[in-house]
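A look at the structure
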Amino acid sequence: MYPIAMQFGIDPLHYGILIIASIGIGVFLPPIGVALFIACAIAKLNIVDSTKFMAPYLVILFLGLLVITYVPWFTLVLPKMFLQ
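Source: prediction; values computed, not measured.

Considering the arrangement of structural elements, one finds T75 in helix α5 (residues 73-83). On the accessibility criterion, T75 (11% relative accessible area) is buried. Looking at T75, its side chain comes within polar contact range of the main-chain oxygen of P72, at 3.1 Å.

The structure is reproduced here in structure tokens:
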């Protein structure tokens, strides 16, 4: 996917931050969310019940992901300040 992103003119740093944020959200999403299974096993909770309580936080994480996706200024302002 990296070469495709470069063809569209997406900054490599911004692309890397988006990938990391997406993977961070993905490890907690059912049905494959490995971190969710581990957390539920440690806490001895049902996955369905914990997902209900986690839903508001996931909505906020998705909104944050949308913001950094469509407003790259948030992720690139500090690197540009320090590298110029």
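Let's pick the thread back up.
For the pair helix α2 (residues 12-26) and helix α4 (residues 47-70), the least separation of the axes is 10 Å and the interaxial angle reads 170 degrees. One finds that α2 runs roughly antiparallel with respect to α4. Facing α2, whose interface residues are H14, I17, L18, A21, S22 and I25, α4 presents L58, L61, F62, L65, I68 and T69. Residue composition of the contact of α2 with α4, grouped by class: 9 nonpolar, 3 polar and no charged.

What counts, and where the lines are drawn
Residues numbered from 1 in each chain as written. Predicted model: local features only at pLDDT ≥ 70, side-chain atom pairs only at ≥ 80, totals over all residues. Heavy atoms only, no water. Helix = DSSP H or I, 4+ residues; strand = E, 2+ residues; numbered from the N terminus. Buried < 20%, exposed > 50% of the residue type's maximum accessible area, 1.4 Å probe, protein only. Polar contact = N/O pair within 3.5 Å; in protein donor to acceptor, adjacent residues only side chain to side chain. Axes fitted to C-alpha atoms, helices over the stretch in contact; angles between N-to-C directions. Parallel < 35°, antiparallel > 145°, perpendicular 65-115°, else oblique. Contact = heavy atoms within 4.5 Å. Nonpolar A, V, L, I, M, F, W, Y, C, P; charged D, E, K, R; others polar.

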